[in-house]
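Structural overview
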Amino acid sequence: MASQTGIKRPRPRSSTKGGASPIYSTPESPTLLPSIQRLLETQLQAQTEQIQENIKGLEMKIAAEVRQIDKKLVDLTKAVGFNAETLETLQKDVIPKIQHRMEEDKKSIEEELDRVNAYICRENLVFIGVPEAENENVESVLAKLLSEKLQIPREEVEQIEYQRVHRLPAAARPRPIKARFLKYKQREMVLRNAKHLKGTPIYITEDLPRRVRRERQSQLPALKTARAAGKLAYFSRAEPWKLYVDRVFLPKEQQVSFVERWGKGERRIQLRTEPARKNRPDTSAMRQQQPQQMDATATTNERMEVGISREEGGQV
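Every value quoted in this text rests on a predicted model; they were computed, and no experiment measured them.

The rules we used
Residues numbered from 1 in each chain as written. Predicted model: local features only at pLDDT ≥ 70, side-chain atom pairs only at ≥ 80, totals over all residues. Heavy atoms only, no water. Pairing = 2+ DSSP bridges. Helix = DSSP H or I, 4+ residues; strand = E, 2+ residues; numbered from the N terminus. Phe/Tyr/Trp six-rings, centres within 6.5 Å; stacked < 30°, edge-to-face > 60°. Buried < 20%, exposed > 50% of the residue type's maximum accessible area, 1.4 Å probe, protein only. Arc of directions from axis to C-beta. Core = buried A, V, L, I, M, F, W, Y, C linked by side-chain atoms within 4.5 Å.

1. Thoughts on the sheet that holds strand β7 (residues 248–249)
Strand order in the open sheet formed by 3 strands is β5-β6-β7, and the pairing between neighbours is antiparallel. Two strands bound the open sheet, and with one partner strand each, they are β5 (233–235) and β7. Two strands pair when backbone bridges link them, and strand β6 (residues 243–245) and β7 are joined in this way by 2 bridges, in the antiparallel orientation. When the bridges of β7 are listed, valine 245 appears paired with valine 248.

2. Thoughts on the packing of aromatic side chains
For the coordinates displayed, the defined rule picks out 4 aromatic pairs. Taken together, a centroid distance of 6.0 Å and an interplanar angle of 10° make the contact between tyrosine 234 and tyrosine 244 stacked. Of the two residues, tyrosine 234 sits in strand β5 while tyrosine 244 sits in strand β6, which places them 10 residues apart along the sequence. For tyrosine 244, a relative accessible area of 12% puts it in the buried group.

3. Structural notes on helix α7 (residues 255–262)
Those residues of α7 lying buried are Gln255, Phe258 and Trp262. End-on, the buried residues of α7 take up no more than an arc of 55°, which puts them together on one face.

4. Topic: the nonpolar core
Formed by 23 residues in total, the largest nonpolar core has its most connected members in Phe127, Leu146 and Val190. Elements that contribute at least two residues to this core include exactly β1 (124–128), α2 (138–148), β2 (162–167), β3 (177–181) and α4 (184–192). Looking at which element gives the most residues to this core, the answer is α2, with 4 residues.

Laid out in structure tokens, this is it:
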């Protein structure tokens with residue numbers, strides 16, 4: 001009624017803090033709420049569907065990435081397995097073959113170097129135990145040794161020509177004498193007369209590479225066993241690390257069994273039952289002409305053992 005008379009209705013005070021305007025109920029409120037509710041529900045449903053679509057897309061993307069990762073893991077596992085198999089194959093087959101080939105190549109190169117060095121030094125002889133004096137003339141000392149100890153006629157000694165004669169560096173005295181002959185025949189003549197040094201502290205040896213001397217030293221048991229059994233045993237001149245018995249090469253791999261067999265007196269048993277062979281070389285005569293050899297860097301006992309490593313009989 002007051003509205004009809006033009007009297008304004010006083011505004012009630014707000015019961016909310018901050019001065020917010022109160023919500024008035026109007027006659028239109030019952031019709032607006034369902035519309036707003038439907039609008040909110042529609043928007044909420046649309047956003048929910050959008051979120052679901054985004055989640056589904058993410059799930060599909062994640063699933064694809066997981067499949068890709070699984071595929072990569074499978075490929076990596078196969079690769080690792082292949083590499084493991086390849087590595088195992090290499091370790092079992094390829095690498096041992098390569099190592100074996102490298103060892104063979106190394107041995108071949110070492111033998112070729114020894115062959116070349118032995119050929120280069122084939123005109124050399126080393127004299128050990130020759131008395132040494134201050135300010136000596138080494139060539140005169142050697143000439144005196146050849147004429148007095150080796151019993152070579154003086155006129156032949158005077159005809160011997162050397163490329164060089166000198167003492168080798170050594171801590172012990174007397175130092176060894178190395179002589180390089182100008183003529184190989186004269187060198188061989190001196191070596192043949194080395195038998196006259198038996199019983200003296202003087203020895204003569206060929207000038208061999210250190211590795212060859214070690215190889216010879218390791219084969220002395222087989223050499224001595226063969227000679228004790230009456231066989232012709234010697235080291236090759238062309239390849240001085242190779243041992244020959246009765247003119248047949250005896251590899252190091254077979255020398256242990258050779259010593260075990262021939263070191264038990266089997267040779268003596270065979271000599272009683274074996275018929276004499278014709279045209280057999282007289283090894284005893286060869287041994288009488290054999291000069292004594294030794295290692296220039298070894299001890300006295302070792303020098304005497306290596307001293308029997310001189311070739312007997314023909315050359316190989």
